[in-house]
Amino acid sequence: MKYKVLLAGNSKKLISNFFLQMDFAFECMTSSMIFDDLKNHIQYFKPDIFIYCMRAETRDDLVTIASFHDVLGKNDVPYAAIGDSVSLDFAVKIPNCVPELSIKLPMSTSDMEDTITRFIKKHKAFLSSAADSPLSKALDLNTASAFDTLSKIDAALEAIEKDPNEKDTAGRQPEAPDRHRILVIDDATIIHKTIKGYLDSRYEVATAISGKIALRFLNAKEVSLILLDYEMPEMNGPAVLEELRKDPYLATIPVVFLTGINDVEKIKNALALKPQGYLLKPVEKEALIAKIRELIQ
């Protein structure tokens, strides 16, 4: 099965590489950087992913991508960026321009193809599991964008999934929420939004789309617990955990692996690293909150 890939950006060499060397895996289409052109391609081509091929970008280019990111979100199309470290760092400084998948060059064509394919499969699996959940059916997520309905999920969770120990505001006031800070490290921003919906009323939730960003964050901020994706491009969960344990202070932070893998050997490998917990995606709210309470209270 070929996945549909919409390509744009200034790196003509990289775009040509998709057409010439990755044509067995992807059905490719290119777009100009004109906003209406990008938008029309989403409507008519219906890609599985949008990939921004970066080279000597201007701030105006990135502002266009940031605006287009909203269109992608409404259509459940993930946004990926490929470039060198300077280009990727430039992109994340622009509001709403942080990609769901970042691929840093240099990288071999085969590794790039594998990374993108695995990410698309992971994204589709998450959307499928979200659409089958009882909450999504109550909100009719099958007829709306999963990104679009996150605000509905947040509202529904607040209205119908209150902690049994909390009192209705018509009676006594609920207890003040615990403001421990939880750091979520996952390359899929939809995971960030979902977990924030689960936890925002109880905890302060910080997010990072990669291990490197998370480690920079941890150099400046304190956290009480880390939810860590096991499988991520460039720097996976075990590599992040290894870096954490090199630092005497960071090594004391509880780590819970958060992943959709269901391979027995991979689960054994994860547990062999001796994290403080392990949860499979899609994560159930009650299981997540129970694990956090167990570890930080």
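Residues numbered from 1 in each chain as written. Predicted model: local features only at pLDDT ≥ 70, side-chain atom pairs only at ≥ 80, totals over all residues. Heavy atoms only, no water.

**A few points about the overall build of the protein**
Part 1 of the reasoning: Of the regular secondary structure elements, the protein holds 12 helices and 10 strands.
Part 2 of the reasoning: Pairs at least 24 apart in sequence give 63% of the contacts found in the protein among residues at least 6 apart.
Part 3 of the reasoning: Working note: accessible area of the protein is about 15,200 Å², and carbon and sulfur atoms make up 52% of it. (Helix = DSSP H or I, 4+ residues; strand = E, 2+ residues; numbered from the N terminus. Contact = heavy atoms within 4.5 Å. Areas by Shrake-Rupley, 256 points an atom, 1.4 Å probe, with all protein chains shown as cover.)

**Thoughts on the sheet that holds strand 9 (residues 255-259)**
Part 1 of the reasoning: Taken together, 5 strands build an open sheet; the order of strands is 7-6-8-9-10 and the sheet is parallel. Where the open sheet ends on each side, the last strands, each with one partner, are strand 7 (204-208) and strand 10 (277-280). With strand direction ignored, the average angle separating the axes of adjacent strands in the sheet is 20°.
Part 2 of the reasoning: Bridge analysis of strand 9 against strand 10 gives 4 bridges, and the strand direction is parallel. Residue Leu 258 lies in a different strand from strand 10, and its bridge partner there is Leu 279. (Pairing = 2+ DSSP bridges. Axes fitted to C-alpha atoms, helices over the stretch in contact; angles between N-to-C directions.)

**Considerations on the pattern of salt bridges**
Part 1 of the reasoning: Following the criterion strictly, the structure yields 12 salt bridges and no others.
Part 2 of the reasoning: The salt bridge partner of Asp 200 is Lys 196, with a shortest N-O separation of 3.9 Å.
Part 3 of the reasoning: A residue is classified by how much of its surface remains accessible, and Lys 196, at 27% relative accessible area, is partly exposed.
Part 4 of the reasoning: Of the charged contacts in the structure, one is a salt bridge between Glu 243 and Lys 246, with a shortest N-O distance of 3.0 Å. (Salt bridge = Lys/Arg side-chain N within 4 Å of Asp/Glu carboxyl O. Buried < 20%, exposed > 50% of the residue type's maximum accessible area, 1.4 Å probe, protein only.)

**Topic: the environment of Val 5**
Part 1 of the reasoning: Note on placement: Val 5 falls in strand 1 (residues 3-9).
Part 2 of the reasoning: Along the primary structure Val 5 and Ile 49 are separated by 44 residues, whereas in three dimensions their C-alpha atoms are 5.3 Å apart.
Part 3 of the reasoning: Ignoring any residue separated from it by four or fewer positions in sequence, one finds Val 5 in contact with Phe 26, Glu 27, Cys 28, Met 29, Phe 45, Ile 49 and Ile 51.

**Description of the packing of helix 2 (residues 35-45) against helix 3 (residues 59-74)**
Part 1 of the reasoning: At their nearest, the axes of helix 2 and helix 3 sit 10 Å apart, and the two run at 25° to each other. Classified by the angle their axes make, helix 2 and helix 3 are roughly parallel. Handedness of the crossing formed by helix 2 with helix 3: right-handed. Between helix 2 and helix 3, the contacting residues are Phe 35, Leu 38, Lys 39 and Ile 42 on the first element and Thr 64, Ser 67, Phe 68, Val 71 and Leu 72 on the second.
Part 2 of the reasoning: Classifying every residue of the contact of helix 2 with helix 3 by side-chain character gives 6 nonpolar, 2 polar and 1 charged. (Parallel < 35°, antiparallel > 145°, perpendicular 65-115°, else oblique. Left-handed = near helix turned anticlockwise from the far one by under 90°. Nonpolar A, V, L, I, M, F, W, Y, C, P; charged D, E, K, R; others polar.)

**So, the confidence of the model for the protein**
Part 1 of the reasoning: The share of residues in the protein with pLDDT of 70 or more is 80%, and the mean pLDDT across the chain is 81.
Part 2 of the reasoning: When mean pLDDT is compared element by element in the protein, strand 3 (residues 49-53) scores highest at 95, while helix 7 (residues 150-160) scores lowest at 44.
Part 3 of the reasoning: Confidence over residues 135-178 falls short of pLDDT 50; this stretch has 59 contacts with residues more than four positions distant or in other chains. (pLDDT = per-residue confidence, 0-100.)

**Observations regarding unusual backbone geometry**
Part 1 of the reasoning: Going from Leu 105 to Pro 106, the amide bond is cis rather than trans, its omega being 5°.
Part 2 of the reasoning: In this fold, Pro 106 is placed in the loop between strand 5 (101-104) and helix 5 (109-132).
Part 3 of the reasoning: A cis amide bond, omega -10°, links Lys 281 with the succeeding residue Pro 282.
Part 4 of the reasoning: Residue position: Pro 282 is located in the loop between strand 10 and helix 12 (285-296).

**Focus: the sheet that holds strand 2 (residues 26-30)**
Part 1 of the reasoning: Reading across from one edge, 2-1-3-4-5 is the order of the 5 strands in this open sheet, with parallel pairing throughout. Two strands in the sheet have a free side with no partner beyond their single neighbour: strand 2 and strand 5. With direction set aside, neighbouring strand axes in the sheet form an average angle of 25°.
Part 2 of the reasoning: Pairing of strand 4 (residues 79-83) with strand 5 involves 4 bridges; the strand directions are parallel. Across the sheet, the residue bridging to Ala 81 is Ser 102, located in strand 5.
Part 3 of the reasoning: Packing of helix 2 onto the sheet brings it into contact with strand 1, strand 2 and strand 3, and relative to strand 1 it is tilted by some 170°.
Part 4 of the reasoning: Lying over the sheet, helix 3 contacts strand 1, strand 3 and strand 4, oriented at roughly 175° with respect to strand 3.

**Considerations on the side chain of His 69**
Part 1 of the reasoning: Take His 69: it is sitting in helix 3.
Part 2 of the reasoning: Given the relative accessible area of 12%, His 69 is considered buried.
Part 3 of the reasoning: Setting aside anything within four residues of it in sequence, one finds His 69 in contact with Tyr 79, Asn 96, Val 98 and Glu 100.

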